Amino acid sequence: MEKKYQVEKDAAVAFHNASDFCIGTGRMGLALQREYFEQLRMVQDEIGFSYIRGHGLFCDDMAIYQYRKGWKDGKVQIEYNFTYLDRVMDQYLELNIRPFLELGFMPKMMASGEQTVFYWKGNVTPPKDYSAWVALVQTTLRHLIARYGREEVITWPIEVWNEPNLGGFWKDADMQEYFKLYKITSEAVKAVDEGLKVGGPAICGVEDELWLRSFLEFVKDSHAPLDFITRHHYTSYAPEWDGHYGYINLHEPEYAFRQLERSRDIADSFPEFRGMDIHITEFNTSYIPQCPIHDTNLNAAYVAHMLSRLGDKHASYSYWTFGDVFEENGVAFTPFSGGFGLVANGLIPKPTFWTFAFFKKLKGECVHRSEEAVVVRKGENGYCGTVWNADGRNTGEELDFTIELPAKKGVPYCLMVKTVDEECCNPLKVWHDLGEPANPSKEELRLLRECAKPLLTTTRIEEKDGKAEVSLHLKKNAVQYFELIPAVIHSDAGYSYERTLQQMIEEPEEA
């Protein structure tokens, strides 16, 4: 396949890049683990997200909600313990990332029922006493403000619950009970400080249109606070299970984008909510945490296409998740267990890690956007771009991509290219070739990290008639990042690069 484009001198193309706004995580209690911190630090060093969102703020392993009985009178005294919360928040801020707070799940001692979700048993029933829930929410927020300062904490978005339209995440998927929870909670948040931003309903794709429309009707009629709308987005059909793993087929990209557009249309059909920010607080290809596609180069190329378009209708979109320290269905058996993360256990960046690293660099004025590329002007005369070739039908088709860009006359350029594909940046294949070790040795981990880096190449390009031509060849499921950098040569006295390369080994003359 061949694609050729020309960019005019004053080209300007709409492109809203919020790929680095928020990233997902497993439950908050996992942040107390060393590997979690190391994976997040790797992600922050290379990509640098602004916010992080996950479950389990009020789950029992965070130990916030406590009670004790008086040893004399037996009376119950409610207490709050913020030791672990402070530890996690301090750690996040140390890595220059802030929480996108999800309020949930229900502390066992406050819950109205026994229903739980996941290996770690997050309680998903309503509170048996809403006044106790309000006190928990407000006490927690006041503690955060006291510790980190109002001006800091009011920048942390607050989301009420997670996927209440699924019976597994909210008992019976009871819509009216969720609306009650939302109204009481959002009003409690605003009572702490009007500057705090709160939103919902954090729905996924099951009856999402009915839920979103009903939720907005409720908010409108009840005058419940709403600063932003949230939903989730996954782009695969139901998995076929084999042992621990689920294998999936992906949605056609246009079908996936149309699903999201309907949410925007519903919100805009209400004068009160027209143009209100919609945050996708979870997205990925598959919605299960043991799906091998997450570890592949196809995932990286498919997600690149998603990142090029998700900002058209949404204020942000949070990839689920940054790392594979994650236990919804239990502890992973191997480093490549199909986990959601950008980083595999053992500090191995997956191909999709580099998709985000590449998009992070796409800051500037967009001059080109197509179904396989985004290019932005970088500085006065330079450019950078990301190009992808998602082979969703496994045809093996390769892509020759050429784009002609305006250039300053008489200025030579350096074309720098980073390539991630199934040959040069594919730790999954190397792990397979090593015998799929469940617990890699130190040497095996070293090899897996070494092979998980993009291939970097450079070449010099001469300007011609005020244009510079970038030509890239992408193999199947490749993602490439390029920079076109003005590079006039200023050689040291007597230095010749060409002569350097012509030096040879010479036989001595016969005596």
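From a predicted model like this one, the values you see are computed outputs, not experimental measurements. (Residues numbered from 1 in each chain as written. Predicted model: local features only at pLDDT ≥ 70, side-chain atom pairs only at ≥ 80, totals over all residues. Heavy atoms only, no water.)

(A) Molecular detail of the environment of Gln-91. Structurally, Gln-91 can be placed in helix H2 (residues 83-94). Each C-alpha atom of the pair Gln-91 and Leu-32 lies 9.1 Å from the other, and the pair is 59 residues apart in sequence. Not counting chain neighbours up to four residues away, the residues in contact with Gln-91 comprise Ala-31, Tyr-36 and Phe-37. For Gln-91, the side chain forms a polar contact with the main-chain oxygen of Ala-31, separated by 3.0 Å. (Helix = DSSP H or I, 4+ residues; strand = E, 2+ residues; numbered from the N terminus. Contact = heavy atoms within 4.5 Å. Polar contact = N/O pair within 3.5 Å; in protein donor to acceptor, adjacent residues only side chain to side chain.)

(B) Expanded view of the sheet that holds strand S25 (residues 467-474). Pairing within the open sheet is mixed, and its 3 strands lie in the order S1-S22-S25. Strands at the two margins of the open sheet, each flanked by one partner only, are strand S1 (2-6) and S25. Direction aside, neighbouring strands of the sheet carry axes that sit 10° apart on average. In terms of strand pairing, strand S22 (residues 399-406) meets S25 through 8 bridges, oriented antiparallel. Opposite Leu-399, over in S25, you have Leu-474 as the bridge partner. (Pairing = 2+ DSSP bridges. Axes fitted to C-alpha atoms, helices over the stretch in contact; angles between N-to-C directions.)

(C) Here's a closer look at the nonpolar core. Core analysis: the largest hydrophobic core is formed by 124 residues, its most contacted members being Trp-133, Trp-161, Tyr-178, Leu-216 and Phe-283. Element by element, the count of residues in this core is highest for helix H3 (residues 130-148), at 9 residues. (Core = buried A, V, L, I, M, F, W, Y, C linked by side-chain atoms within 4.5 Å. Buried < 20%, exposed > 50% of the residue type's maximum accessible area, 1.4 Å probe, protein only.)

(D) Structural detail: a nonpolar patch on the surface. A cluster of nonpolar side chains, namely Tyr-67, Val-76, Ile-78 and Met-109, defines an oily patch on the protein surface of about 320 Å² accessible area. By secondary structure assignment, the location of Ile-78 is in strand S5 (residues 76-80). The class of Ile-78 is partly exposed, set by a relative accessible area of 34%. (Patch = residues over 30% accessible without salt bridge, like charges linked within 9 Å, V, L, I, M, F, W, Y side chains within 5 Å. Areas by Shrake-Rupley, 256 points an atom, 1.4 Å probe, with all protein chains shown as cover. Salt bridge = Lys/Arg side-chain N within 4 Å of Asp/Glu carboxyl O.)

(E) Focus on helix H9 (residues 351-360). Counting buried positions over the 10 residues of H9 gives 9, a clear majority of the element. Inspection of H9 places Pro-351, Thr-352, Phe-353, Trp-354, Thr-355, Phe-356, Ala-357, Phe-358 and Phe-359 among the buried residues, and these make up the whole buried set.

(F) Here's a closer look at the pairing of strand S20 (residues 373-378). Counting buried positions over the 6 residues of S20 gives 5, a clear majority of the element. Relative to S20, strand S19 (residues 365-370) is paired through 5 bridges, and the arrangement is antiparallel. By the bridge assignment for S20, Cys-366 is matched with Val-376. In this antiparallel pair of consecutive strands, S19 and S20, the connection spans 2 residues. Bridging between S20 and strand S21 (residues 382-389) involves 6 bridges; their strand directions are antiparallel. Among the inter-strand pairings, Val-376 is bridged to a residue of S21, identified as Cys-384. In this antiparallel pair of consecutive strands, S20 and S21, the connection spans 3 residues, and Gly-379 shows a positive phi of 75°.

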